Amino acid sequence: MPGLLAQSAALHRHLCPRQVLGARMGLLAGQHLALSFPRTDKRVLVFVETDGCFADGVAVASGCWLGRRTMRLVDHGKVAATFVDTRTAQAVRVAPHPDLRARVQAARPEGQKRWDAYMAAYQTWPDEALFRVQPVTLTVDLAALISVAGKRAVCGRCGEEIVNEREVRAGGAVRCRACAGDTYWAPWGRAPLNCPRRPRAGATLRGVSPQPRPRPDPFP
Ligand SMILES: [Zn+2]
Ligand SMILES: [Zn+2]
């Protein structure tokens, strides 16, 4: 544990309570799945339910990283994670007890800062005092999520390459998700009226003029 925290802190340029929670959740999940952590292979896939400090702690303890395709962000804004043994489909979700913060504060010696109290409790309290562990079944298609290395497609509209079978196919047409309508961006100057961050009228982006509206796509 101290080695893992040092690694996480180095990555992160500081050590903080959420990294400690993440690292301990990773180790605890390894015990429940009866697998040695941190993994050096791709056997375990972890779904972290928020990004930030916590995710670095989880990564260091589990050996699962976004860059290795063994960590995925499901952004529910929660300090919680589900660890899946992809060989057996066995999975556990680990989360702090909902009353953990309150209990740490109640046990805080007088004069101790809140932050220090969290750091101390998260490093020293036993697992049972910190977390609940729930065996779960995934409701997403694990094989589809992992896909197969080397799969490539080209979007018939924007021409960009799509890997990991993330394309959308309908009636013989191939589209990337953005071109199929599932997008988080719009061309400069063409944000929809309901976009919360629409550029102010008259705003310009260096060297870029607003693009004309694209021709309507028949898809789908
Ligand atoms: Zn932090
Ligand atoms: Zn496209």
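Residues numbered from 1 in each chain as written. Chains lettered and ligands numbered in written order. Predicted model: local features only at pLDDT ≥ 70, side-chain atom pairs only at ≥ 80, totals over all residues.

Novice: Even after reading the chapter, I still don't get the sheet that holds strand β3 (residues 81–85), so can you show me in this structure?
Specialist: Where strands meet in a sheet, backbone hydrogen bonds hold them as pairs that are either parallel or antiparallel. The strand order across the open sheet formed by five strands is β2-β1-β3-β4-β5, and the pairing between neighbours is mixed. In this open sheet, the two strands that pair with only one neighbour each are β2 (71–73) and β5 (131–136). Within the sheet, the average angular offset between the axes of one strand and its neighbour, ignoring direction, is 20 degrees. Both strand β1 (residues 44–48) and β3 contribute to a ladder of five bridges, which runs antiparallel. Residue pairing across strands places F47 opposite T82, the latter belonging to β3. With respect to the sheet, helix α2 (residues 17–32) is in contact with β3, β4 (91–96) and β5, its orientation differing from that of β4 by roughly 150 degrees. (Pairing = 2+ DSSP bridges. Helix = DSSP H or I, 4+ residues; strand = E, 2+ residues; numbered from the N terminus. Axes fitted to C-alpha atoms, helices over the stretch in contact; angles between N-to-C directions. Contact = placed C-beta atoms within 7 Å.)

Novice: What is the right way to read helix α5 (residues 114–124) from this model?
Specialist: In an α-helix, one turn spans 3.6 residues, which is why side chains three or four residues apart end up on the same side. Taken together, the buried positions of α5 are Y118, A121 and Y122. Angularly, the buried residues of α5 cover 95 degrees about the axis, an arc narrow enough to put them on a single face. Its buried side turned inward, α5 meets α2, α4 (100–106) and α6 (127–130). (Buried ≥ 20, exposed ≤ 12 C-beta atoms within 10 Å, placed from the backbone. Arc of directions from axis to C-beta.)

Novice: Can you walk me through the pairing of β3 in this structure?
Specialist: Two faces, one strand: in a regular strand the side chains alternate between the faces of the sheet. Judged by how many residues are buried, β3 sits mostly within the fold: four of five residues are covered. Sheet topology places β3 next to β4; four bridges connect them, and they run antiparallel. For T82, the partnering residue across the bridge sits in β4 and is R93. Taking the residues that link successive antiparallel strands as the turn, the β3-β4 hairpin has five residues, and the phi of A89 there is positive, at about 70 degrees.

Novice: How should helix α3 (residues 53–62) be read in this particular structure?
Specialist: Along α3, ten of the ten residues are buried, which leaves the element largely enclosed by surrounding structure. In this structure, the buried residues of α3 make contact with α1 (2–12), α2, β1, β2 and β3. Directly after α3, the chain includes G63, whose backbone phi takes a positive value near 80 degrees.

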